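# Structure assessment
Below, each chain spelled out in residue letters.
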Amino acid sequence: TGGYGTTLYANPSNRFQFLRNYMHDLHGLRNDNLAAFSSNQSVNTVSKWNKIIDVSDINETQYYLNVTGIVIFNDNVGGGHEVAYNRIGYTNLPNYGGNVKGSGIKFKHGSGCPTTDPDCQDGVTTTSKLNLVHDNIIWNTQDGCFLSNTSGMRVYNNLCVNTIGACFRQEEDSPNWLQNGK
């Protein structure tokens with residue numbers, strides 16, 4: 001339905017739910033971190049059954065790495081996010097010179113628990129919850145479908161089609177699980 005900048009933003013939030021939305025043609029102009037839904041320092045957010053089409057910074061080539069359908073920032077405060085059953089894509093095939101830019105789902109600037117913490121198991125403390133990313137369909141992205149630089153993620157049963165970037169990219173040395181990726 002058109003927009004400029006991030007459409008829904010939860011900062012910080014506990015148990016925010018982003019459900020059954022249809023968002024399309026969201027355009028920014030040199031707008032770093034453009035997204036349909038963005039969460040910062042939140043816990044237990046739920047993003048399900050959304051359809052997000054054409055989130056793009058239409059006049060910029062530098063910031064396409066920060067254009068995302070759904071982005072979770074600073075996930076180092078407890079996790080417990082679930083991103084599921086979403087449809088995120090672009091109507092045109094990805095290309096470096098055109099308007100199709102960005103990624104599908106991204107977890108940014110997070111950090112797992114330190115390995116010196118006795119309660120740390122596979123990057124997650126016993127008080128943290130796993131982040132779940134499952135049953136999403138993402139297509140025609142330039143920077144990949146699922147990107148993570150936080151620990152404690154389980155990514156499974158997703159479909160990634162026509163991407164220039166990786167279907168799943170881990171951006172730091174922290175444990176995550178990729179299962180049944182397609």
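Anything mentioned here points back to the structure above.
This report concerns the structure included in the present document. (Residues numbered from 1 in each chain as written. Predicted model: local features only at pLDDT ≥ 70, side-chain atom pairs only at ≥ 80, totals over all residues. Heavy atoms only, no water.)

This part takes up the packing of aromatic side chains. Following the criterion strictly, the structure yields three aromatic pairs and no others. Ring plane angle 5 degrees and centroid distance 5.4 Å describe the contact between Phe16 and Phe37, whose orientation is recorded as stacked. Taken together, the residues Phe16 in the loop between strand S1 (8-10) and strand S2 (17-19) and Phe37 in strand S4 (residues 34-40) connect sequence positions 21 residues apart. Aromatic pair Phe18 and Phe37: ring centres 4.7 Å apart, planes at 20 degrees, arrangement stacked. You can see Phe18 sitting in strand S2 and its partner Phe37 sitting in strand S4, a full 19 residues away along the chain. No difference in accessibility class separates Phe18 from Phe37, as the two residues are buried. (Phe/Tyr/Trp six-rings, centres within 6.5 Å; stacked < 30°, edge-to-face > 60°. Helix = DSSP H or I, 4+ residues; strand = E, 2+ residues; numbered from the N terminus. Buried < 20%, exposed > 50% of the residue type's maximum accessible area, 1.4 Å probe, protein only.)

Most of strand S7 (residues 67-73) is tucked away: seven of the seven residues are buried. Across six bridges, S4 lies against S7 in parallel orientation. Bridge pairing in S7 links Ser39 to Ile72. One ladder, built from five bridges, connects S7 with strand S10 (residues 103-108); its direction is parallel. Among the inter-strand pairings, Ile70 is bridged to a residue of S10, identified as Ile105. (Pairing = 2+ DSSP bridges.)

Functional significance is not addressed by these values, which are geometric in nature.
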